[in-house]
Amino acid sequence: MNLIKKILSKVFIYTVMLFTVTVSLFPIIWVVSSSFKTNGQILTQPFGLPTALDFSPYVKVFTQYNFTVYTLNSLFIAVVATLFALMIYALAAYVLAKFNFKGKSLFFILFTLTLLVPGHTKAQPIFSLILNLNLYDTRLALILVYLSNGMALSIFILKAAYQTVPKEMSEAALIDGASFWQIFSRIHVPLVKSGLVTAGILMFLGNWNEYFYAMLLTSSKATRTLPLALGFFTETFSYNYTEMFAALTIVIIPSIIIYTLAQEQIQKSVASSGVKG
Amino acid sequence: MRNRKTKLWIYLFLLPAIIIFLVFFLVPIITIFITSFTKWDGFNSPIFVGFKNFINLFGKAEFLISLKNLLYWSLIAAFLHVGYGAIVAFILYRKPFGWRFTRSVFMIPNVIAVAAWAMIYRFFFNNDFGFLNNLIRIFNPEFNIPWFYNSPYAFWAVTLTWLFYSVFVTLVILTDLMAIPDEIHEAARIDGASALRITFKIDLPMIKNAIGTGIILSITSRIAMFEAIALTTRGGPGDDTMNIPLILVSSITDMKYGVANAASVIMIILGILTLIIVELIFKMRKVEKF
């Protein structure tokens, strides 16, 4: 009786785990493997593996379908927005973590409350703001909007990181005559590097993957980002399935690589804050 | 002197974040609430119209269907989506062979772009070259259903794009489970409690907050769900898979800014309601985090 129970529980456990791995991984494997098949193979041999590793569809996607521009746009916008956001929130989190001043808790509460407002709801005011600034259909528009994306999350992560730096270090530096800026830049920034990396990775992933505001604020091919290009797939590729799968692979692989390299940090910060990156 | 200088530095450090907060949060949110009571096209000044935008929304079929969809999706999210995430958390907590790998892989659908994941599903469910229908056609060669374009399948096809991907719930619950002191489990075991009893009588009450958080997160994600619909069904067939963010976007495109912001206000209110209701049901405030 006990043995049966044990076996049944093992069967249940591994069925759920196998199912979880399959639903998470199989669709991606299917997409990537389809990108190495010919159109005919995709339609007639859906279960067969690709017969050769032919990268020419990828070359074609980059050279003939403008994906070089989309990739560079995505990279440029995500990197610039992440770096500036990181600077801004590193400054704010530092004073919130290390000093007592008037309005401190108010600022912290306000910055955290931003988490509760779904990003989509601000669509019209932000759309009008970008129009009024004459920035519609520019990369700068997306950079500006993405600056605000990781606010609460970065301040959480960075504030916690600063709090681990012992007070004595700033006191000692103060006695040595170090200025406010020096204590921040020479003592604290090097010690919270891992926090900066975590916040940076999460913000970069969020920016790299963003679709909604890219759709709302740009229109031309010159400013299009990779996720946005997905919305034009049917008209772009019509019946070239191989290239369509290759293009989809190009969009998803960078995120997966970044995640694989930084999964410890990402999982930890997600678990502690319960917040999407 | 030194003190005054420090104060200046402090506010200087806060300034950029405050500017972003004002420009991208405070002003937009105030704008949304005020202009939701106006007729506004963005060029002419807004004209106060009272609750007309809200009344109009509630008179539209696409909005009512959105609310109905949202109700179903919220129930599915709260019970099945969070339930599945919780089951996976309890399994991983026992650290069976391959638990780390499962946890890592489970995260992948959530780190790639939502838009890309929607596209993957759209291809996977495609009638011509999709994996699913080709698989079914092995058993039934006549099978032909374009899942995302036919009623009532479209609703379920959209649901499947997120149903099983509750890794955030799993991670939040797993963290709380791992924080339960071992002594409590040992004491229960010495008293002769079965594994199932320990799960229900000790673990579940102790992770109440994590489950509540998971439900709030997953329902608010449903309220904001846009890409998974816009890139698959576009709200169709008919209004079968309509959701409020799609109405918001189409209202902006039609330059009905008052209506758009009324839709936004409703999304914010629904989010706050979710937060309050779940916190009340789970009495989340009363339980101290250990």
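For every chain, the first residue of its written sequence is number 1, and the numbers climb from 1 along that sequence. The lettering of chains begins at A and the numbering of ligands begins at 1, in the order of writing. Selection of residues for local features in this predicted model requires a pLDDT of at least 70, selection of side-chain atom pairs for listing and counting requires 80 or more, and totals for whole chains, interfaces and linings are taken over all residues. Excluding hydrogens and water, the side-chain figures rest on all heavy atoms present in the structure.

Caption draft 1: Seen up close, the overall build of chain A. Labels follow the DSSP assignment, with helices taken as runs of H or I lasting at least four residues and strands as runs of E lasting at least two, numbered in each case from the N terminus. Secondary structure assignment for chain A yields 16 helices and zero strands. Radius of gyration means the value over C-alpha atoms here, while the globule rule gives 2.2 Å times the residue count to the 0.38 power. A compact globule built from 277 residues would reach a C-alpha radius of gyration of about 19 Å, whereas chain A, at 24 Å, exceeds it by more than 25%. If you line up chain A on its principal axes, its C-alpha atoms span 75 × 70 × 35 Å. Within chain A, the proportion of its 277 residues that are buried is 53%. For chain A, the proportion of contacts with a sequence separation of at least 24, taken over those separated by at least 6, is 77%. Under the counting rule used here, the positive set is Lys and Arg, the negative set is Asp and Glu, and His together with the chain ends is not counted. For this purpose, a charge sits on NZ of Lys, CZ of Arg, CG of Asp or CD of Glu. For chain A, the distance from the average site of its 18 positive side-chain charges to the average site of its 9 negative ones is 9 Å. Each residue is placed in one exposure class: buried if its accessible area under a 1.4 Å probe, protein chains only, is under 20% of its type's maximum, exposed if it is over 50%, and partly exposed if it falls in between. In what follows, a contact means two residues having at least one pair of non-hydrogen atoms within 4.5 Å.

Caption draft 2: How the structure looks around the overall build of chain B. Counting its secondary structure elements, chain B contains 14 helices and two strands. The C-alpha radius of gyration of chain B comes to 24 Å, more than 25% above the 19 Å expected for a compact globule of 290 residues. Overall size of chain B, expressed as C-alpha extent along the three principal axes, is 85 × 75 × 35 Å. Going through the 290 residues of chain B one by one, you find that 53% of them count as buried. Restricting to contacts in chain B with at least 6 residues of sequence separation, those with at least 24 account for 67%. For chain B, the computed accessible surface area is about 14,000 Å², with 68% contributed by carbon and sulfur atoms. For chain B, the separation between the mean place of its 25 positive charges and that of its 16 negative charges on side chains is 8 Å. Each accessible area is a Shrake-Rupley estimate made with a 1.4 Å probe; only the visible protein chains count as cover when residues are assessed.

Caption draft 3: Local environment of the nonpolar core. Definition of nonpolar core: a set of buried residues of the types Ala, Val, Leu, Ile, Met, Phe, Trp, Tyr and Cys, connected through side-chain atoms within 4.5 Å. By size, the foremost hydrophobic cluster in this structure holds 189 residues, and its most contacted members are Phe67(A), Tyr89(A), Phe111(A) and Phe233(A). Counting residues per element, this core draws most heavily on helix H4 (residues 67-98) of chain A, which supplies 18 residues. Phe233(A) has contacts with Phe67(A), Ser238(A), Met244(A), Ala247(A), Leu248(A), Met119(B) and Phe123(B), leaving out every residue within four places of it along the chain.

Caption draft 4: Quick look at the packing of helix H3 (residues 61-93) of chain B against helix H7 (residues 153-163) of chain B. Residues and elements named next belong to chain B. One way to put it is that H3 packs onto H7 with a least axis distance of 11 Å and a crossing angle of 40°. Between H3 and H7 lies a crossing whose hand is right-handed. For the pair H3 and H7, contact is made by Asn69, Tyr72, Trp73, Ile76, Ala77, Leu80 and His81 and by Phe155, Trp156, Val158, Thr159, Trp162 and Leu163, respectively. Throughout this entry, Asp, Glu, Lys and Arg are counted as charged residues, while Ala, Val, Leu, Ile, Met, Phe, Trp, Tyr, Cys and Pro are counted as nonpolar. The remaining residues, Gly among them, count as polar. Within the contact of H3 with H7, the residues separate by chemical class into 10 nonpolar, three polar and no charged. All axes are obtained by fitting lines to C-alpha atoms, using only the stretch in contact for helices, and the reported angles, taken between N-to-C directions, cover 0 to 180 degrees. Working rule for handedness: look at the near helix, and if it is turned counterclockwise from the far one by less than a right angle, call the crossing left-handed; if clockwise, right-handed.

Caption draft 5: A look at the layout of surface pockets. Of the voids in this model, the second largest pocket is the one considered here, and its volume is about 1,100 Å³. Only protein atoms enter the 1 Å grid used here, on which a cavity is any set of points holding a 1.4 Å probe that cannot leave and a pocket is any open set flanked by protein within 12 Å on both sides along at least five of seven lines; residues with an atom within 4 Å of a point are listed as lining. Ser9(A), Arg94(B), Ala195(B), Leu196(B) and Thr199(B) are, among the 27 residues lining the second largest pocket, the residues nearest its centre. Of all the secondary structure elements, the ones that give two or more residues to the lining of the second largest pocket are helix H1 (2-34) of chain A together with H3, helix H9 (182-190) and helix H10 (195-206) of chain B. At eight residues, the largest contribution of residues to the lining of the second largest pocket is made by H1(A). Grid points are joined across faces, edges and corners, and a volume is the space filled by probe spheres set on the points.

Caption draft 6: Up close: the side chain of Thr218(A). Residues and elements named next belong to chain A. With respect to the helices, strands and loops of the structure, Thr218 is situated in the loop between helix H12 (212-217) and helix H13 (226-230). Contacts described as polar in this section are N or O atom pairs within 3.5 Å, which, within protein, must combine one atom able to donate a hydrogen with one able to accept it, while residues neighboring in sequence count only if both atoms come from side chains. Within the local environment of Thr218, its side chain forms a polar contact with the backbone oxygen of Ala214, the two atoms lying 2.6 Å apart. In this view, Thr218 contacts Tyr136, Asp137, Thr138, Leu142, Thr223 and Leu228; residues no more than four positions away in its chain are not counted.

Caption draft 7: Local environment of the packing of aromatic side chains. Geometry of aromatic contacts follows a simple scheme: Phe, Tyr and Trp rings, the Trp one being its six-membered ring, pair when their centres are within 6.5 Å, and the pair is stacked under 30 degrees between planes, edge-to-face over 60, tilted otherwise. Counted under the stated rule, the structure contains 56 aromatic pairs over all chains. Measuring from centroid to centroid gives 4.8 Å for Tyr94(A) and Phe184(A), while their planes differ by 55°, and the two rings are tilted. Of the two residues, Tyr94(A) is situated in helix H4 and Phe184(A) in helix H10 (residues 180-191); the sequence distance between them amounts to 90 residues. The pair formed by Tyr94(A) and Phe184(A) is uniform in burial state, with each residue classed as buried. Seen in terms of ring centroids, Tyr94(A) and Phe13(B) are 5.8 Å apart; in terms of plane orientation they differ by 45°. Their pairing is tilted. Note that Tyr94(A) is positioned in helix H4 and Phe13(B) in helix H1 (residues 2-35), a pairing that runs across two chains. Note on Tyr94(A): relative accessible area 1%, which makes it buried.

Caption draft 8: Structural view of a nonpolar patch on the surface. Residues and elements named next belong to chain B. The residues that make up patches have over 30% relative accessible area and no salt bridge, and they are joined within 9 Å when like-charged or within 5 Å when they are Val, Leu, Ile, Met, Phe, Trp or Tyr. We define a salt bridge as a contact between a side-chain nitrogen of Lys or Arg and a carboxyl oxygen of Asp or Glu at a distance within 4 Å. On the surface, Leu12, Leu15, Ile19, Leu22, Val23, Leu26, Val27, Ile30 and Ile34 cluster together to form a nonpolar patch covering roughly 740 Å² of accessible area. Topologically, Ile34 is positioned in helix H1. For Ile34, a relative accessible area of 54% puts it in the exposed group.

Caption draft 9: Main features of empty space enclosed by the protein. All names here are of chain A. Within this structure, the stated rule accounts for one cavity of 30 Å³ or more. Looking at the largest cavity, its volume works out to about 30 Å³. If you go around the largest cavity, the residues you meet are Ser74, Ile77, Ala78, Tyr146, Asn207, Trp208, Glu210 and Thr225. Sorting the residues of the lining of the largest cavity by element identifies H4 and helix H11 (193-209) as the ones contributing at least two each. Ranked by residues supplied to the lining of the largest cavity, first place goes to H4 with three residues. Its residues placed into classes, the lining of the largest cavity shows four nonpolar, three polar and one charged.

Caption draft 10: Inspection of the interface of chain B and chain A at higher detail. Each partner contributes to the interface: chain B provides 78 residues, whereas chain A provides 85 residues. Buried area: the accessible area, evaluated with a 1.4 Å probe, that two parts lose upon being put together, summed over both parts. Contact between chain B and chain A buries roughly 7,600 Å² in total, counting both sides, with carbon and sulfur atoms accounting for 80%. Of all residues in chain B, Phe13(B), Phe24(B) and Phe129(B) bury the most surface against chain A, accounting for 10% of the area lost on that side. Where chain B packs against chain A, one counts zero salt bridges.

Caption draft 11: Structural view of the side chain of Thr249(A). Residues and elements named next belong to chain A. With respect to the element layout, Thr249 can be found in helix H15 (residues 241-261). With relative accessibility at 3%, the residue Thr249 sits in the buried group. A distance of 3.5 Å separates polar atoms of two side chains, one belonging to Thr249 and the other to Tyr58. There is a polar contact of 2.7 Å between the side chain of Thr249 and the backbone oxygen of Phe245. Thr249 has contacts with Val31, Val32, Ser35, Tyr58 and Pro254, leaving out every residue within four places of it along the chain.

Caption draft 12: Up close: the environment of Ile198(B). Residue and element names in this part refer to chain B. Tracing the backbone shows Ile198 in helix H10. Using a relative accessible area of 7% as the deciding quantity, one classes Ile198 as buried. Filtering out sequence-adjacent residues up to four positions away, Ile198 remains in contact with His185, Ala188, Arg189, Ala193 and Asp203.

Caption draft 13: Main features of helix H5 (residues 104-113) of chain A. Residues and elements named next belong to chain A. Of all the residues in H5, the buried ones are Phe107, Phe111 and Thr112. One side of H5 holds all its buried residues, which, seen down the axis, span an arc of 125°. Summarising the geometry of H5, the exposed residues directed more than 90 degrees from the buried face are Ser105 and Leu106. Of all possible arcs, the one meant is that of the directions from the helix axis to the C-beta atoms.

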